[in-house]
Amino acid sequence: MKRIQRAAVIVSLIEALRAKDSWCGETNIQKACFFLQELTRVPLDLEFVLYKYGPYSFTLTDELTGMRADSILALRVRDPKYGPCYIPGALADSILERYPKTIGKSERKVVFVAERLGNKGVADLERVATALYVRKGMGAVGVKERANRINQLKPHVSLPDAHAAVREVDKMFEDAAELSEY
Amino acid sequence: MAKHIHEIRDAIHVFARLDSDERRVLDSRPFQRLRHIHQLALTHLIYPGATHKRFEHSLGVMELAERAFRVITAKENIDPRVRDIVPEGDQLRYWCRVLRMAALCHDLGHLPFSHAAEERLLPEGQTHESLTVDLIKSDEMASIWQRVTPPLRPEDIAKLAVGRKKLKDHTFDTWERILSELIVGDGFDVDRMDYLLRDSHHAGVVYGKFDHYRLIDTLRILPETDDEGAEPTLGIESGGLDSAAGLLLARYFMYSQVYFHRVRRAYDFHLQDFMSAWLGENGLPTELSEFLNLTDNEVLVELRKAADDASHVGHDPAVRIVKRKHFKVLYERNPDDSEKNPECGAAVHKAACEKFGGDVVRHDRYTQKGSGVVFPVRNRDGRIVSSYAASNVLQNVPLVNIDYVLVIPEKQTEASAWLKQERERIIAPEGEEQ
């Protein structure tokens, strides 16, 4: 996927997340892109490593800043206690108009991810995104084994919470199966 | 009796002080090589004073790293919510030594002329940071780490020297992440502090200056928010907010006025062309002993020979550098064009290549990386707020956005006339590909 097409998908994802009342800060977008790529197979070509609040892509951080530089995205203060949220920028519409096919291909998957993650806060996102990261690394092995691994990687995530996150991600995989291939 | 503290005069920080273990690093072959790597590639052809090297920058980063470390680990500065992550006693002293060594070594893997030709010359997947890690773990350096009491783990030094972004297959705990961000992070890392101050000093511009004393003095490890479970990260006391904004403005101006000066970027292209031609199919040697033999000096000697000899490989780009016949700007992005086509520079570049040939046209595109403007700020009442909300200046720091198309000077007049005539057609966006 070319950079500008990826930008179009990210704008459409941000709009979908906002429609679900997501805070839409960088952590929300990072985790949503991780699910979009690893669960629904939209080829964003992002490399994720375990970092702040679970899986994180440095390339995506660069991309979001680049999109701000290009006026495709902007930042807005919602509450001084928290970091800013991303909103579409002055040139977002022209990107969306220019790439209807790219957006159309990923539309159902974008909506799927936004529906499942839009209402989650940072702590919840960390749990489920780490659960997906672990499933990606270990495969769909037993729930207990994966929960232990989450707890090992993120000791502040309790074992019961890790179990719940693993089950939630497994359910998402089942639900996502009906989405067509990209 | 051997001297235990060695003082080196420094143009920015007055003195850089080293103990005898650090002196062994200074005397090592990988570190001495940095005396011959220009910090800013060929920028001295535009700003004649900018002839400084990675050597003194590395000393400056080490000096600032310890200053910052002492501030963030001072008992009175540790926020109770993050106290658990800060080691104590011998462990704290161990990490201070690791931090200083990592700061000293963070640029060991730089290619000749630093960043100028890195992307073109290194094999896929390799970066100057991966070479830095290889050198830190090399036999020569390992013997130095082993002699320190207690011995330093090369892995720890490597992690702090290049950070999480460049060591993707490693896990970092919170403490290691914060220390690596202190050296090579995305906000107010000491690498950036030193290069902005040092580069502006040597280039003779004031854009890179900011109040780094105040900034370092207000650095803190803070939870990102007041919420439970918020990740600890580097932040500042509210009194340092304007100093942090000063750094970010300095970064913007240095990028736009010095690092991405259009002529300097043209020279980067010519240097890449020359080095690619000269090194041939084998490319840049990445085997460490061969790599260490290659500095700016060897390249400059060959460059001058090539400029004087029409049969020498790389003659054309060498002439463009030595005789100052560098590419000129044909097109520069502007808001009107980017509204019509966000990829306007790429469109002009493609059309110019079709018209004049790819050899005589170059596209220089760069948008700012990282984030940098969002970090926790602790107010006087102890509450954490977001820097972005707390500072109008931070909300308005411009972002670097470079989009030039350059053309060979012999074609500049013709190409400019062509572009004037064809501009609207070229800028108009194409339909989406299937």
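Everything quoted here is computed from the prediction, not taken from an experiment. (Residues numbered from 1 in each chain as written. Chains lettered and ligands numbered in written order. Predicted model: local features only at pLDDT ≥ 70, side-chain atom pairs only at ≥ 80, totals over all residues.)

Moving on: the overall build of chain B. A tally of helices and strands in chain B yields 21 helices and nine strands. Expected size for 434 residues packed as a compact globule is a radius of gyration near 22 Å; at 23 Å, chain B falls within 12% of this value. With respect to the principal axes defined by its C-alpha atoms, chain B has extents near 70 × 55 × 45 Å. The burial tally for chain B puts 45% of its 434 residues in the buried class. Taking the intrachain contacts of chain B between residues at least 6 apart in sequence as the baseline, contacts between residues at least 24 apart amount to 71%. (Helix = DSSP H or I, 4+ residues; strand = E, 2+ residues; numbered from the N terminus. Rg over C-alpha atoms; globule rule 2.2 N^0.38 Å. Buried ≥ 20, exposed ≤ 12 C-beta atoms within 10 Å, placed from the backbone. Contact = placed C-beta atoms within 7 Å.)

On to the overall build of chain A. Along its length, chain A carries eight helices and four strands. The secondary structure elements of chain A, listed N-terminal to C-terminal, are α-α-β-β-α-β-β-α-α-α-α-α. Against the compact-globule benchmark of 16 Å for 182 residues, chain A has a radius of gyration of 16 Å, which places it among compact chains. With the C-alpha coordinates of chain A rotated into their principal frame, the extents come out at 45 × 40 × 25 Å. For chain A, buried positions account for 53% of its 182 residues. By sequence separation, contacts in chain A at least 24 residues apart represent 62% of the contacts at least 6 residues apart.

With that settled, the discussion passes to the environment of M275(B). All names here are of chain B. Within the fold, M275 resides in helix α13 (residues 262-279). Once the C-alpha coordinates of M275 and V348 are considered, the two residues, 73 residues apart in sequence, prove to be 27 Å apart. Leaving out residues up to four positions away in the same chain, M275 has contacts with A117, L121 and V299.

What follows is about the environment of Q368(B). Mapped onto the elements, Q368(B) comes out in the loop between β6 (361-367) and β7 (376-378). When the C-alpha positions of Q368(B) and E56(B) are compared, they lie 26 Å apart, and in sequence the two are 312 residues distant. In this view, Q368(B) contacts T65(A), G66(A), A69(A), L399(B) and V400(B); residues no more than four positions away in its chain are not counted.

Residue and element names in this part refer to chain B. Parsing chain B into structural domains produces domain 1 (5-263) and domain 2 (327-434). The centre of domain 1, based on its C-alpha atoms, is set 29 Å off from the matching centre of domain 2. Facing the 25 residues of domain 1 at the interface are 24 residues of domain 2. Broken down by secondary-structure element, the contributors of at least two residues to the side of domain 1 that touches domain 2 are β3 (219-223), β4 (232-237) and α12 (241-259). At eight residues, α12 tops the list of elements feeding residues into the side of domain 1 that touches domain 2. Considered class by class, the residues forming the side of domain 1 that touches domain 2 number 12 nonpolar, six polar and seven charged. (Domains from an automatic or database assignment. Nonpolar A, V, L, I, M, F, W, Y, C, P; charged D, E, K, R; others polar.)

Contacts between the two partners involve 28 residues from chain B, matched on the other side by 34 residues from chain A. For the side of chain B that touches chain A, the elements supplying multiple residues, two or more each, are α17 (335-340), β8 (384-386) and α19 (387-390) of chain B. Here the element with the most residues in the side of chain B that touches chain A is α19(B); it accounts for three residues.

Residue and element names in this part refer to chain B. Across the sheet, which stays open at both edges, the three strands sit in the order β5-β9-β6 with antiparallel pairing between neighbours. Unpaired on one side and paired on the other, β5 (328-332) and β6 mark the two borders of the sheet. The sheet shows a mean angle of 30° between the axes of neighbouring strands, direction not considered. Where helix α21 (residues 412-427) meets the sheet, it contacts β5 and β9 (401-407), and its direction lies at approximately 10° from that of β5. (Pairing = 2+ DSSP bridges. Axes fitted to C-alpha atoms, helices over the stretch in contact; angles between N-to-C directions.)

Before going further, it helps to examine the sheet that holds β3(B). Note on sheets: strands pair through backbone hydrogen bonds, and any given pair is parallel or antiparallel. Residue and element names in this part refer to chain B. Ordered by their spatial adjacency, four strands build an open sheet running β3-β4-β7-β8, and the pairing between neighbours is mixed. Only two strands of the sheet have a single neighbouring strand rather than two, namely β3 and β8. Across the sheet, the mean angle separating the axes of adjacent strands is 45° when strand polarity is ignored. Alignment of β3 against β4, held across five bridges, turns out to be antiparallel. Counterpart to I221 in the pairing with β4 is L234.

We now examine the confidence of the model for chain B. Reading fine detail from the predicted coordinates is not recommended where pLDDT is low. On average, chain B scores 95 in pLDDT, and the residues at 70 or more come to 99%. Per the prediction output, this complex has pTM 0.95; the corresponding ipTM is 0.93. (pLDDT = per-residue confidence, 0-100.)

Counting 172 residues, the largest nonpolar core has L13(A), A32(A), A65(B), A102(B), I157(B), I183(B) and L271(B) as the members making the most contacts within it. Per-element accounting of this core gives the leading share, 10 residues, to α12(B). Of the residues that make up this core, three or more belong to each of domain 1 (5-263) and domain 2 (327-434) of chain B. Leaving out residues up to four positions away in the same chain, A32(A) has contacts with L13(A), L17(A), V113(A), A114(A) and L117(A). (Core = buried A, V, L, I, M, F, W, Y, C linked by C-beta atoms within 7 Å.)

Our next topic: the packing of helix α2 (residues 26-38) of chain A against helix α6 (residues 122-138) of chain A. All names here are of chain A. Axis separation between α2 and α6 bottoms out at 10 Å; the angle between their running directions is 30°. Between α2 and α6, the interaxial angle falls into the category roughly parallel. For the element pair α2 and α6, the recorded crossing hand is left-handed. Contacts between α2 and α6 involve T27, N28, K31, F34, F35 and E38 from the first element and V122, L125, A129, L132 and K136 from the second. Here the residues of the contact of α2 with α6 are counted per class, giving six nonpolar, two polar and three charged. (Parallel < 35°, antiparallel > 145°, perpendicular 65-115°, else oblique. Left-handed = near helix turned anticlockwise from the far one by under 90°.)

Take the pairing of strand β1 (residues 5-10) of chain B next. Residues and elements named next belong to chain B. Across the six residues that make up β1, only a small minority, zero, are buried. Here β1 pairs with strand β2 (residues 14-19) via six bridges, running antiparallel. Across the sheet, the residue bridging to H6 is L18, located in β2. Here β1 folds back onto β2 in antiparallel fashion, the turn holding three residues.

Moving on, we get to helix α4 (residues 89-105) of chain B. Residues and elements named next belong to chain B. When the terminal C-alpha atoms of α4 are compared, their 25 Å separation across 17 residues agrees well with the 24 Å that a helix rising 1.5 Å per residue should span. Along α4, the residues that are buried comprise W95, R97, V98, L99, R100, M101, A102, A103, L104 and C105. In the core, the buried residues of α4 are packed alongside α1 (20-27), α3 (54-73), α6 (128-136), α8 (154-162), α9 (174-184) and α10 (190-203). (Expected span 1.5 Å × (residues − 1).)

It is worth spelling out helix α8 (residues 159-176) of chain A at this point. All names here are of chain A. Between its terminal C-alpha atoms α8 stretches 25 Å, which fits the 26 Å expected from 18 residues at 1.5 Å a residue. Among all positions in α8, only A162, A165, V166, V169 and M172 are buried. Axial view of α8: buried residues confined to an arc of 120°, hence all on one face. Exposed and facing more than 90 degrees away from the buried side of α8 are P160, K171 and E174. (Arc of directions from axis to C-beta.)

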